[in-house]
Amino acid sequence: MLVLLDNGSRRAAATLNLRALSRHLGERLGTRVHPVSALHSSKIPPERLGGVPAWTLEAFLRQQVAAGQGSFGIVPLFFGPSRAIGDFVPEVAGRVAAEHGGFEVRVAAPLCPLPGGEPRLADILADNVRDVVPDDATADIVVVDHGSPVPAVTAARHWLAQALAERLGNACAVSEAVMERREGAEYDFNGRLLAEVLDDLGRTAAGAERTVALAMQFISPGRHAGAGGDIAEIVADAAARHPRLAVRVTRLIGEHPRFVDILAARAKALALSPPIDLPAA
């Protein structure tokens, strides 16, 4: 049984996008793909989801294992080796196996596995930037993601930003920003908050208009990305305080038609992923 797993959100748009991606992936592979979230999405009222409640991982595994399903392949919608992949999925699967008996779970590689990275993701980011900034224009590019306390996840963003810079050439300076970071110097590796980065760029745009493109390293709309998200508010605030700053926001990675190519490749490689070691009942 094939599962497309995201982190989860309380916003209906995130689950609806997860379902759309699952449908597109299923059409590509010729099999059913189940959209499941790690957490949160079960709190969305079903009437906002076409009357169909969202699944979270533990409830989904319990229901499927109780019905006799013995094998699961999970394609994670995470850019790097987040704790959701390394800790949460094994913990949840272990609890279910301890109660219902053993079953097999394999988890595919993240979207941007290092050290090799994922060139197709960089191509998608470059396409998205070119949609909002003409090839002959000079702009500051800011790759923005959720932010993570895990260095290996931040390293995936570093890789993507460098690969994007190579694709865009010298006309565009590429930097990075995050939406969330923990307090303390020990988390400085995670980067600077988007509001701070835009404020710095705005202060240098007093004499002439300065174009900034936010390369959105997000798959689905949610609390940060998409209509009504934090990023839209931050951009509006920066524009109000810095009238010469022109901020253009790219579409999301999950909205690019080639994103499903990456998902299909991860799904096809699942057989090469070792199964998670689960307890017997």
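Above this text sits the structure in question.
Since the structure is predicted, the reported quantities are computational estimates derived from the model, not experimental observations. (Residues numbered from 1 in each chain as written. Predicted model: local features only at pLDDT ≥ 70, side-chain atom pairs only at ≥ 80, totals over all residues. Heavy atoms only, no water.)

(A) Broad picture of helix 3 (residues 83-100). Spanning 18 residues, helix 3 covers 24 Å between terminal C-alpha atoms, matching the ideal 26 Å at 1.5 Å per step. Within helix 3, the full set of buried residues consists of A84, I85, F88, V89, V92, A93, G94, V96 and A97. If you follow the buried residues of helix 3, they end up packed against strand 1 (2-6), helix 2 (57-66), strand 3 (71-76) and strand 4 (104-107). Positioned one or two residues after helix 3, G101 has a phi angle of 105°, which is positive. (Helix = DSSP H or I, 4+ residues; strand = E, 2+ residues; numbered from the N terminus. Expected span 1.5 Å × (residues − 1). Buried < 20%, exposed > 50% of the residue type's maximum accessible area, 1.4 Å probe, protein only. Contact = heavy atoms within 4.5 Å.)

(B) Summary view of the sheet that holds strand 6 (residues 172-178). Taking strand neighbours across the sheet as the criterion, the 4 strands line up as 6-5-7-8 in an open arrangement whose pairing is parallel. Two strands bound the open sheet, and with one partner strand each, they are strand 6 and strand 8 (245-249). Here the strands of the sheet are splayed against their neighbours by 25° on average, with no regard to which way each runs. Of the strands in this sheet, strand 5 (139-145), strand 6 and strand 7 (210-216) touch helix 5 (residues 151-168), which is tilted by about 160° from strand 6. (Pairing = 2+ DSSP bridges. Axes fitted to C-alpha atoms, helices over the stretch in contact; angles between N-to-C directions.)

(C) Inspection of helix 2 at higher detail. Listing the buried residues of helix 2 in full gives L57, F60, L61, Q64 and V65. Down the axis of helix 2, the buried set is contained in an arc of 115°. They therefore lie on one face. For helix 2, the secondary structure elements touched by its buried residues are strand 1, strand 2 (33-37), strand 3 and helix 3. Of the residues trailing helix 2, G68 is marked for its positive phi of about 105°. (Arc of directions from axis to C-beta.)

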